[in-house]
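Coordinates in review
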Amino acid sequence: MQYNVSQLLKQPTGTTRQYPIEADISDLDPELEVAAPLVGSIRLIRTAKGILVTGGLHTEVWVNCRRCLEPFRIPVSITLEEEFRPTIDINTGATLPLPDDDEEATRIDAHHTLDLREVVRQSILLALPPFPLCREDCKGLCPQCGANLNTETCNCESDSADLPLSKLRELL
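Our subject in this report is the structure included herewith. (Residues numbered from 1 in each chain as written. Predicted model: local features only at pLDDT ≥ 70, side-chain atom pairs only at ≥ 80, totals over all residues. Heavy atoms only, no water.)

Focus on the overall build of the protein chain
- Along the backbone of the protein chain there are three helices and eight strands.
- For the protein chain, the α and β elements follow one another from N to C terminus as β-α-β-β-β-β-β-β-β-α-α.
- Taking 16 Å as the expected radius of gyration for a compact globule of 172 residues, we find that the protein chain reaches 24 Å, considerably beyond that expectation.
- In terms of overall dimensions, the protein chain has C-alpha extents of about 75 × 35 × 25 Å along its principal axes.
- In the protein chain, which comprises 172 residues, the proportion classed as buried is 34%. (Helix = DSSP H or I, 4+ residues; strand = E, 2+ residues; numbered from the N terminus. Rg over C-alpha atoms; globule rule 2.2 N^0.38 Å. Buried < 20%, exposed > 50% of the residue type's maximum accessible area, 1.4 Å probe, protein only.)

Structure below.
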């Protein structure tokens, strides 16, 4: 997901390039278990300050259910809209000053290469649900024996005295 944008940086503002993406991102983040390649398309647009990258991408990742802890695949769709700025002037080769709001992930390097990996990684992590559920009616785990109640039944007796806030029930 690296693009040499030297020729695009020489073009007038508004010039665009379109690229399809089908990339293996299994090594993108060690904490991210990718189940499918990243697929979609991006558009690179020359701006007065650099290159605007827009596009829609999707993949699938493995996550653990919040209730039963079983792994399952979840589709993830991301929309990119990020402006990358050059660090070297394309015409003179001089080093350009970095703006105050500069992020390393949105820099075009000295070889005029735009790298989308970090922006894609951050976008995927932000798109993941905070409390993933394998299904809406997931029963979770038995609090006493730890059995997965979706796949088996347990013979544990529920003792309401051990439950948190059980004293409040007595007030009702």
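Here the narrative resumes.
Quick notes on helix H2 (residues 117–127)
- Within H2, burial applies to Val119, Val120, Ser123 and Ile124. Taken around the axis of H2, the buried residues stretch over an arc of 130°, which confines them to a single face.
- Along its buried surface, H2 packs onto strand E4 (38–46), strand E5 (51–64) and strand E6 (71–86). (Arc of directions from axis to C-beta. Contact = heavy atoms within 4.5 Å.)

Structural notes on the side chain of His112
- Secondary-structure assignment places His112 in the loop between strand E7 (107–108) and strand E8 (113–115).
- With residues near it in sequence (within four places) discarded, His112 still touches Tyr3, Asn4, Val5, Ser6, Leu9, Ile88 and Ile90.

Some thoughts on the nonpolar core
- Ranked by size, the top nonpolar core spans 36 residues in total, and within it Leu116 and Val120 carry the most contacts.
- Contributing elements (two or more residues each) for this core: helix H1 (6–9), strand E2 (16–23), E4, E5, E6 and H2.
- With six residues, the top contributor of residues to this core is E6.
- Apart from residues lying up to four places away in sequence, Val120 is in contact with Met1, Leu28, Leu38, Leu57, Ile78 and Leu80. (Core = buried A, V, L, I, M, F, W, Y, C linked by side-chain atoms within 4.5 Å.)

Quick notes on the side chain of Thr106
- Tracing the backbone shows Thr106 in the loop between E6 and E7.
- When neighbours within four sequence positions are excluded, Thr106 is seen to be in contact with Glu82, Glu83, Phe84, Arg85 and Val119.

Observations concerning the pattern of salt bridges
- Scanning the model with the defined rule gives five salt bridges in all.
- A salt bridge links Asp29 to Arg121; the nearest nitrogen and oxygen atoms lie 2.8 Å apart. Highlighted residues: Asp29 in the loop between E2 and strand E3 (33–34) and Arg121 in helix H2, separated in sequence by 92 residues.
- Notably, a salt bridge pairs Arg135 with Asp137, separated by 3.0 Å at the nearest N-O pair.
- Overall, the relative accessible area of 37% leaves Arg135 in the partly exposed class.
- Residues joined by salt bridges that share partners form a network here, namely Asp29, Glu118 and Arg121. (Salt bridge = Lys/Arg side-chain N within 4 Å of Asp/Glu carboxyl O.)

With respect to the state of the cysteines
- Per the stated rule, a full pass over the model turns up zero disulfides.
- No disulfide involves Cys134; its sulfur sits 3.7 Å from the nearest other cysteine sulfur, which is in Cys65.
- Here Cys156 is not disulfide-linked; the sulfur of Cys145 is the nearest cysteine sulfur, at 3.6 Å.
- For Cys156, a relative accessible area of 33% corresponds to the partly exposed category. (Disulfide = S-S within 2.5 Å.)

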